[in-house]
Amino acid sequence: MNEDICTGKENLSQLPGSIFEMSMTSHSYSIYNAVHVVAEALHAMFSSTAKKGARRDKQRQLLNQQTWQLHHYLRSVSFNNSVGEMLSFNFRGELIAGFDIINWITFPNQSFLRVKVGRVAPPNAPDKVFTISEDAIQWPKAFNQVLPLSMCNEHCKSGYSRTKIEGKPFCCHNCHQCPEGKISHVKNLDDCFPCPEDQYPNKDQNLCLPKNISFLSFEEPLGITLTILSLLFCFLTALVLHLFIKHRETPIVKANNRNLSYVLLISLLLLFLSTLLFIGQPRKLMCLIRQTAFGIIFSIAVSSILAKTIIVVLAFMATTPGGRMRRWSRKHMANCILLFCCFTQALIYSWWLVSAPPFPDVDMHSLMKEIILECNVGSVTMFYIVLGFLGFLAIISFTVAFLARNLPDSFNEAKFITFSMLVFCSVWVSFVPTYLSTKGKYMVAVEIFSILASSAGLLLCIFSPKCYIIVVRPELNSRKHLRRR
């Protein structure tokens, strides 16, 4: 058997690279450092044991040292090796050194390549303790590239945020669902973030969805219903107006102030039509017209009722013996009341339009899933002043009609006005809290419904008894019957 393994003619370049490495490996470097450290320790031990005498005596003393006696000198070793790295030991006798993070890249021919992708620095290093380049790492295709779980819990999935657990390792955390209005679209986010203004979070709070544009339109069921109601009441008002014009010479029409009845019916007709201005996408001109039309026309309607009520009272007082109010029961009295009320309301609206007029606005925050297109009233104070003035006229009409409810039957319209004003005030008193508690197109729907309900209350309470007599009981519509009553 030939025990000579090496012949001396070997060529290192011919050795397989997958087994033998030509460069300095980590193992070779560690062996080099170990030999160097032992050499430095022996040198230190030899220097400390040297005494005066011959050199042979010094060598004999060194050879007589025990192995355990070298430990003391190993602990105190501290020097820079040939590449400039500091080599030393801590108080436990552990080597103070850093580590390279190596990525082993394998190839189909079973060869490999070592690539340095990071480093763990020594504890006493002034720089970062741990550095790694994730982009430089090449994972094998067959490797399961799933990040390792923490020691305490799994990953926080999208839709959740994580918070560190006090007293636990840095990788331990709690998972909390994102608060309303915020999302997290990746795992292990430290904090959730809000969606843009024109988007909202989905159910799982891991994705932002575009908001829908919302306004009361003619195509949706609510808009269609309100439009049909408005047109229906317009038809009824036009029918009543036609009956009054056709029977304008009959006693019941004359007895209840024919001209004021015409004004009231026309204003109610316009009120029903004005509700159509509230339906559709808000525009600048429409926002100005809808509020102005609502306030002015409503003030004409309520002031005409107030004028009817006052004329009834004045007419009755003028018929009493020795009455001094005869000269106040003329037609110009009603015109004065109408003009005064409408002029006052016009001044309020003029101030409103000059100071802070209504304008089209976009509300992105009231509803989570919708962008609301609305008419901003501009000045909320002026809006409620308009409603307050209408309420003031209604209360005066109700009070006067209530006090005049016991007049003779020929002037019994005061009873119907009392009831109509009660309905009117009830609708608008309930309107304010309902209006303030709704958002978006439903707020507009509440205002339309209040206009329709109060106007319908005036139409039905005041004119339905007269229409009943005109159409169903024409024999009661005679001067002889009125005188007998």
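Residues numbered from 1 in each chain as written. Predicted model: local features only at pLDDT ≥ 70, side-chain atom pairs only at ≥ 80, totals over all residues. Heavy atoms only, no water.

Of the regular secondary structure elements, the protein chain holds 12 helices and 14 strands. Relative to its full complement of 485 residues, the protein chain shows a buried share of 35%. Total accessible area computed for the protein chain in this model is approximately 30100 Å², and 62% of it derives from carbon and sulfur atoms. (Helix = DSSP H or I, 4+ residues; strand = E, 2+ residues; numbered from the N terminus. Buried < 20%, exposed > 50% of the residue type's maximum accessible area, 1.4 Å probe, protein only. Areas by Shrake-Rupley, 256 points an atom, 1.4 Å probe, with all protein chains shown as cover.)

Scanning the entire structure with this criterion turns up 13 aromatic pairs. A centroid spacing of 5.6 Å and a plane angle of 90° characterise the contact between Phe294 and Phe298, whose relative ring orientation is edge-to-face. Of the two residues, Phe294 and Phe298 are both situated in helix H7 (residues 284–319); the distance of 4 residues between them amounts to about one turn of the helix. We classify Phe294 as buried; its relative accessible area is 1%. Take Phe298: its relative accessible area is 0%, and that puts it in the buried class. (Phe/Tyr/Trp six-rings, centres within 6.5 Å; stacked < 30°, edge-to-face > 60°.)

What follows concerns the UniProt feature "transmembrane region" (unreviewed entry) in the protein chain. Those residues carrying the UniProt feature "transmembrane region" (unreviewed entry) are residues 222–241, 262–280, 292–316, 336–354, 382–404, 416–436 and 442–463 in this numbering. The distance from the first to the last C-alpha atom of residues 336–354 is 27 Å, and the span holds 100% helix and 0% strand. Secondary structure content for residues 382–404 is 96% helix and 0% strand, and the end C-alpha separation is 33 Å. (UniProt positions renumbered as here; feature names shortened; annotations may be inferred.)

We now examine the sheet that holds strand E14 (residues 370–376). Read across the sheet, 3 strands follow the order E12-E14-E13 without closing on themselves; strand pairing throughout is mixed. With one partner strand each, in any of the chains shown, strand E12 (212–214) and strand E13 (359–363) form the two edges of the open sheet. Put simply, the sheet's adjacent strands are angled 25° from each other on average, direction ignored. With 5 bridges connecting them, E13 and E14 associate as antiparallel partners. Its bridge partner lying in E14, Pro360 is registered against Cys375. (Pairing = 2+ DSSP bridges. Axes fitted to C-alpha atoms, helices over the stretch in contact; angles between N-to-C directions.)

A few words now on the side chain of Lys466. Mapped onto the elements, Lys466 comes out in helix H11 (residues 441–471). According to the relative accessible area criterion, Lys466 is buried, its value standing at 3%. A distance of 2.8 Å separates a polar atom in the side chain of Lys466 from the backbone oxygen of Ile462. (Polar contact = N/O pair within 3.5 Å; in protein donor to acceptor, adjacent residues only side chain to side chain.)

It is worth spelling out the nonpolar core at this point. Counting 68 residues, the largest nonpolar core has Phe244, Phe294, Phe298, Trp428 and Phe463 as the members making the most contacts within it. Listing elements by their share of this core, those giving two or more residues are helix H4 (221–246), helix H5 (251–255), helix H6 (258–274), H7, helix H8 (331–355), helix H9 (380–403), helix H10 (413–436) and H11. Sort the elements by how many residues they give to this core and H11 lands first, with 15 residues. The contacts of Trp428, once residues within four sequence positions are left out, are Phe294, Phe298, Leu387, Ser450, Ile451 and Ser454. (Core = buried A, V, L, I, M, F, W, Y, C linked by side-chain atoms within 4.5 Å. Contact = heavy atoms within 4.5 Å.)

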